[in-house]
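# Observations on chain architecture
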Amino acid sequence: MISQFVILSPRGNNLILRNFRNDIKEDTSDIIFRKLNFEKISDFPPVFHENGINYAFIKYSELIFFVTSRFNISSSFLFDFLDSILTSIKDFCGVFNEQTVIDNFGLIYELVDEMIDYGAPQLTETKNLKKFIFNETKLDAQELKNLKSNKKAKKKSKKSISSDAKKTPISGVFAGGGFQTVEEIYIDIIEKLHVEFSNNGSLISSQCNGLVMIKNFLSGNPILEIGLNENIKIGSPKDFQYFQGIFLEDVLFYHKCDSSKFEESGVLQIIPPEGEFILMKYRVSETSMNLPFQIATNFEEFGQNKLEIRVTITSDFEKAMWASNVQISFLVPEISLDVKCELEGNDITQTAKFQKQDHLVVWKLPRFNGEREESVRVTLTLPLQKKNYPKQINAFQETISTNTQLTSANTLQLIKGKIGPICLSFDFPDYSVLKMKTLKTTDQNRSYVPTRWIREFSKSDSYFSWV
Amino acid sequence: MFSSSTQKGELFEIQTKLQDPKTEKKKEGVKKVIELMTLGKDVSALFTDVMNCMHTTDIEIKKLVYIYLMKYAKYKPDLAILVVNTFVQDTQDENPLIRALAIRTMGSIRVENVIDHLCQPLGLCLKDHDPYVRKTAALCVAKLYDTNPELAESRGFIQNLIDLVSDSNPMVVSNAITALMEINQSKKEPVFQIDKKTAVNLLNALRQAPEWGAAFILDSLSKYVPKNSKQATTISERILPRLNHNNSAIVLSSVRLILHLSGFIENKANAVNLITKVVPPLVTLMGNKNEIRYLALRNINLIIQKWPSIFSHEIQIFFCRYNDPIYIKLEKLEILVLLASEKNINQLLHEFQEYSMEVDEQFVRKSIRAISRCAIKLEKSAEICINVLIDLVKKKINFVQEVVVVIKDIFRKYPSRYEKIIGLLSQNLPTLDEPEAKASMIWIIGEYSEQIDNAHELLASFLASFKEENTDVQLQILSSLVKLFLRKPHESEELLQQVLKLSTESENNPDLRDRAFIYWRILSSDADLSSKIILTEKPKITEKSFHFEPSVLDELLRNISFLSSVYHKVPTSFLNSYQITQNHEEDEFEDENEDENEDENEKEEKNPKNKKNIIKSENNQEKSNNNNNNNNNNSNNNNEDMIVLNENENENQNENDDMSLFSLNDIISNTVKKTQTQNTFNSQLQDSIFETPVIINNEPRKLLLNSAQGKGMEILGLFKRKNDDIILDLEIKNQTNQKF
């Protein structure tokens, strides 16, 4: 049972505070603000208890959302509630920031009250909630302008524009408040790659988590039929030895989705709820994954105190495709006296820099085409070696100590140990394991063709190689 | 002054708006009031004006006024009665929304006068034809029960709720169940139990229930005890599809239910088969947001402790990613150690080795500890693990000190097997500056003094700075020198005298002084006997000591998906104050702490018998607060205890020694005479720093003072181990009707 729900501003005052059960004092926001301020918020476990009160929080766009409870209740329910309140505020208000919360607090109180009664969960879906909400969305003039210009921009460039669907407030669209009724549907297939290479370039682990997200702004109750890849099996490759298609290790579907034909033909049927929802989440089996990039590192010593690191990235996909915002970064030892970065090849769009305060080398490539190899040379100048005896030499020690002098191979090993993993981050449009093949909308009452925005997209979650 | 006058001006401005006949103005006014209320300002002065706005057809205003009422009605009970009429009228409105709104708000106003008028409309609403009203009314019964249980029972609302469980609308079902479960919790005898028929009903509602409702229905189903194996199988088959749900709350609740049901299935193979079905969904949860991943990891940890093999093929997903937040990395490490086996040890060690090169101190230390725990867990692979540790020392990673600490653990598990490392470790001797690392190193020297030729010289170098050292280190120097003396008497006699003198004469720490005296006495008695006592074989540590006790683990597994499973604590240990605050007014629990202390003092005066207990515990608490806390406190405590006991027994015996601070002589002679258990106790005492790290977080507290003796006050307490700190957890209950 949830006792309180609070939205806290970055300065520590309550923007929204709703007490459902009156069994906890209202000073909880002070407690959470103090606690989270002392420690770095992202390092702090998201649930904790203090003085018999349980707290769960999330952070979104500088605001802290949290709930308190006195019960031993389902922990994931707390986060699901926080998430869905955030989603509904986004659905109703279009954008989300501190100002929207302040402007629309009446609406948010209404929403919260419909979603939770006496600490127990009630309605969640935007569609159901709409019946009970009477406040109108308020947007300031600037936001309205943005919204309209966004609409125009979308028409022009169809490809790879970020889906701004969330910027269309539901109540605005359907109350006819200044907008025309738009029949739009956005489907995003987003896949996050986690890949780990060992220092000799062999694969240690790889994982690909994907989701199909739909933002639905269709009126009426159309039936949506989505066709994905046809050759899909759910399960482990071990169980189906002769199958050649894509293996999904595990799949979760939206609870109202009809997935009976999925394994047979890749077709999903659903009457979509309004607003944003996740149609399915899946995990691609390791054998069905493609790795877009390979990372290789070479070390070479120069003179007494110079070490050259050569990082080479090879792209392994069709020539016509390209990944954007590629960034390679790694830590170098703090003791380095000087760090020089040198690009191979003469592509002027690339940059490679050493950020001194973080001891970080950052190499950026705005665009990385297929079937290419790019590399960077980083030269470290290290302090000259001394015999590194501890200050306080202990005479007794000699008798049992073995030879302490370091050999040169040992030094390289030592320095290598202090170079962080080579991390790669990128956005990759049109690159995904699951693809959208067909999309049909059928409405019994009328026939129309809605505007459809489809995006397939891969992103690095953590893509790195040990050194 | 200035600020208060502006606030008054502000309030006045709002007041005019509230009194304005135009709806728009009124709305502005009410909004302003709620805004101030949210910021924590007192707007109770506007009560009458806000109340007058209630008579309106504008739902927006109405909702805002209700929010205001829920907060302020209890401060103005006599005025609140005036709104009752409007409420009752609203509950008969033709719009179901207004009906539900009125009943919802009325239930949340905890004013007796209002509650009295609640019953009649509530009865009607429970039988309303609109499901939205029914589901709101169902929860309202729980609200009523919380304020006035007798009334709720005498009006037959509980029976109404039970009827609603078989309602046609799933939302109503889930709310009715939620309300009943809550009422059950506050009663000793449950008002409602799930029988076979309800279970079938719930399973049917499950299919159509909205997401959250489904999670709550699953929770209540786990209270149902299936009659036989077949029934359990049938239910689990109905639950299995829920595992593929998008909502993590439903997935985790289903996991708990399935684990619960698997216990009732007779065919072991089927049960195991069922349990393995929970693995893929849990793994998929790991692809979620960090918060959910954290919950999943904590739960997986428990499941692995019970069924170690089911996750063995999924080890890769627990490898740390460099961008994981630290709290996730630490959890993953825990799980990796749990999953370590002879098969995957090489892969794991490679990971751990990489982790120990990272930047975050906490993470690196834990990774090093993970390596040593693997060595302790897997006897065959201990050698490889130790080689990795040696490698780390050679690479001069940042936290060599941690390596020293963990190697000590390995020595305890495999005594006299890996002495060859000692040489390497002592090279790093001068760089050690952390107390724990120093103490560990000194322990190793003491324990292996026979093999180390210059042990006495090494220890002498520590003795030089004896006074500046931390207590842990001092105690360890003392113990190690005693061990050295017993093994090589002529080399270290002088040192021993020096250390005994230092610790008994110039140190104020009673812990150190007492231990020195005890050694002194033991050594001055029979030499053979003393080496028997001091150099006894120590109990070995095992990896199992990092696990939960079976009973605690089972309790935690019953709580999968609940907060309890995330904290890894049984519910009673963190929900302690719930009952207290229920009896009290909200404003009072601020003073709880002071009250506790006062009461303790009072108690001491009244009841000298219990004095010892309390003083000791306070003592200990202080110490652990002082951050002076290692396992030493344990021994310290035992120490004192023993002294106290023996003092009573042997008061009249003669003493013929010059050190007559306590009747120590007797203690020692006593201890020597006593049985083998005492013997091991002693050796544990001296090595208490290295005592098995038992995790006893989750035991229920023990009764220290019962309410009959304490005139209504009950004290429960337990020593707990949290990371490396010893904590005394006290719970004080008031069993009388009077307030503290």
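Along each chain, residues carry numbers from 1 onward, in the same order as the chain's sequence is written. Here every chain gets a letter starting at A, and every ligand a number starting at 1, in the order they are written. Given that this is a predicted model, residues contribute local features only at a pLDDT of at least 70 and side-chain atom pairs are listed and counted only at 80 or more, while totals for whole chains, interfaces and linings are drawn from all residues. For side-chain calculations, the full set of non-hydrogen atoms in the structure is used, while hydrogens and water are omitted.

### Quick look at the nonpolar core
Convention followed: Side-chain atoms within 4.5 Å are what join buried Ala, Val, Leu, Ile, Met, Phe, Trp, Tyr and Cys residues into a set we call a nonpolar core. Exposure classes here rest on a 1.4 Å probe applied to the protein chains alone. A residue is buried below 20% of its type maximum, exposed above 50%, and partly exposed in between.
Among the nonpolar cores identified, the biggest contains 270 residues, and Phe5(A), Phe311(B) and Phe352(B) are the most heavily contacted of them. Core analysis: the second largest hydrophobic core is formed by 67 residues, Cys208(A), Leu268(A), Ile313(A) and Val339(A) among them.

### Overview of the pattern of salt bridges
In plain terms, the rule: For salt bridges, the criterion is a side-chain nitrogen of Lys or Arg within 4 Å of an Asp or Glu carboxyl oxygen. Every helix listed is a DSSP run of H or I at least four residues long, and every strand listed is a run of E at least two residues long, numbered separately from the N terminus.
Under the defined criterion, the tally for this structure stands at 47 salt bridges over all chains. Here Arg310(A) makes a salt bridge to Glu344(A), at a shortest N to O gap of 2.8 Å. One end of the pair, Arg310(A), is in strand 16 (residues 306–315); the other, Glu344(A), is in the loop between strand 18 (338–343) and strand 19 (351–355), with 34 residues separating them in the sequence. By relative accessible area, Arg310(A) is classed as partly exposed at 26%. Its salt-bridge partner being Glu361(B), residue Arg365(B) comes within 3.0 Å of it at the nearest N-O pair. Placement of the pair is Arg365(B) and Glu361(B) together in helix 22 (residues 361–377), with a separation of four residues, close to one helical turn. Here the salt bridges do not stand alone but share partners, grouping Glu361(B), Arg365(B), Arg369(B), Glu402(B), Glu434(B) and Glu436(B) into one network.

### A short note on the packing of aromatic side chains
Residues and elements named next belong to chain A. Under the convention used in this document: Between 30 and 60 degrees the pair is tilted, below 30 it is stacked and above 60 it is edge-to-face, where a pair is any two Phe, Tyr or Trp rings, Trp via its six-membered ring, whose centres lie within 6.5 Å. Any Lys NZ or Arg CZ found within 6 Å of a ring centre and within 35 degrees of that ring's normal is scored as a charge over the ring.
For the structure on display, the rule yields 35 aromatic pairs over all chains. Here the aromatic rings of Phe428 and Tyr431 are separated by 4.3 Å at their centres, their planes lie at 10°, and the arrangement is stacked. By way of ring pairs, the aromatic residues Phe197, Phe293, Phe317, Phe368, Phe426, Phe428, Tyr431 and Tyr463 are connected into one cluster. When the ring centre of Trp322 is taken as reference, the NZ or CZ atom of Arg367 above it lies at 4.2 Å.

### Regarding helix 28 (residues 471–487) of chain B
Residues and elements named next belong to chain B. To keep things clear, this is the line we draw: In a helix, the anticipated span is given by 1.5 Å times the number of residues less one. Two N or O atoms form a polar contact when they lie within 3.5 Å of each other; inside protein one atom must be a possible hydrogen donor and the other a possible acceptor, and for residues adjacent in sequence the pair counts only when both atoms belong to side chains.
Its 17 residues give helix 28 an end-to-end C-alpha distance of 25 Å, which sits within 8% of 24 Å, the value for a rise of 1.5 Å per residue. Taking burial as the measure, the 17 residues of helix 28 include 16 buried ones, the bulk of the element. Capping the start of helix 28 is the job of one residue whose side-chain oxygen sits 2.9 Å from the backbone nitrogen of Asp472: Asn470.

### Here's the deal with unusual backbone geometry
Backbone geometry places Asn325(A), a non-glycine residue, at a positive phi of 50°. Tracing the sequence through the fold places Asn325(A) in strand 17 (residues 322–331). One non-glycine residue, Ser561(B), lies in positive phi territory at about 80°. Relative to the helices and strands, Ser561(B) is located in the loop between helix 32 (550–558) and helix 33 (563–567).

### Details of the packing of helix 28 of chain B against helix 31 (residues 527–534) of chain B
Residues and elements named next belong to chain B. Threshold: Helix axes are fitted to C-alpha atoms over the stretch in contact, other axes to C-alpha atoms as well, and angles between N-to-C directions run from 0 to 180 degrees. In this scheme, roughly parallel covers angles under 35 degrees and roughly antiparallel covers those over 145, while 65 to 115 is roughly perpendicular and the rest are oblique. Helix crossings get a hand from a simple test, with the near helix turned counterclockwise from the far one by less than a right angle marking a left-handed crossing and a clockwise turn marking a right-handed one. Here, residues are in contact when the closest pair of their heavy atoms is within 4.5 Å. Gly is placed with the polar residues, together with every amino acid not listed as nonpolar (Ala, Val, Leu, Ile, Met, Phe, Trp, Tyr, Cys and Pro) or charged (Asp, Glu, Lys and Arg).
Interaxial distance between helix 28 and helix 31 falls to 10 Å at its minimum, and their mutual angle equals 135°. Considering their axes alone, helix 28 and helix 31 lie oblique with respect to each other. Considering how the two elements wind past one another, helix 28 and helix 31 form a crossing that is left-handed. Between helix 28 and helix 31, the contacting residues are Val482, Lys483 and Leu486 on the first element and Ser530, Ser531 and Ile534 on the second. By residue class, the composition of the contact of helix 28 with helix 31 is three nonpolar, two polar and one charged.

### What to know about the interface of chain B and chain A
Applied cut-off: For any pair of parts, buried area is found by adding up, for both, the accessible area (1.4 Å probe) each one loses once the two are put together.
Facing the 98 residues of chain B at the interface are 100 residues of chain A. Counting the surface lost from both chain B and chain A, the interface buries some 9300 Å², and carbon and sulfur atoms represent 57% of this. Among the residues chain B hides against chain A, the three largest losses belong to Trp212(B), Arg321(B) and Tyr322(B). Together they make up 9% of the total. The interface formed by chain B and chain A contains eight salt bridges.

Take it as geometry only, folks, not as evidence of what the structure does.
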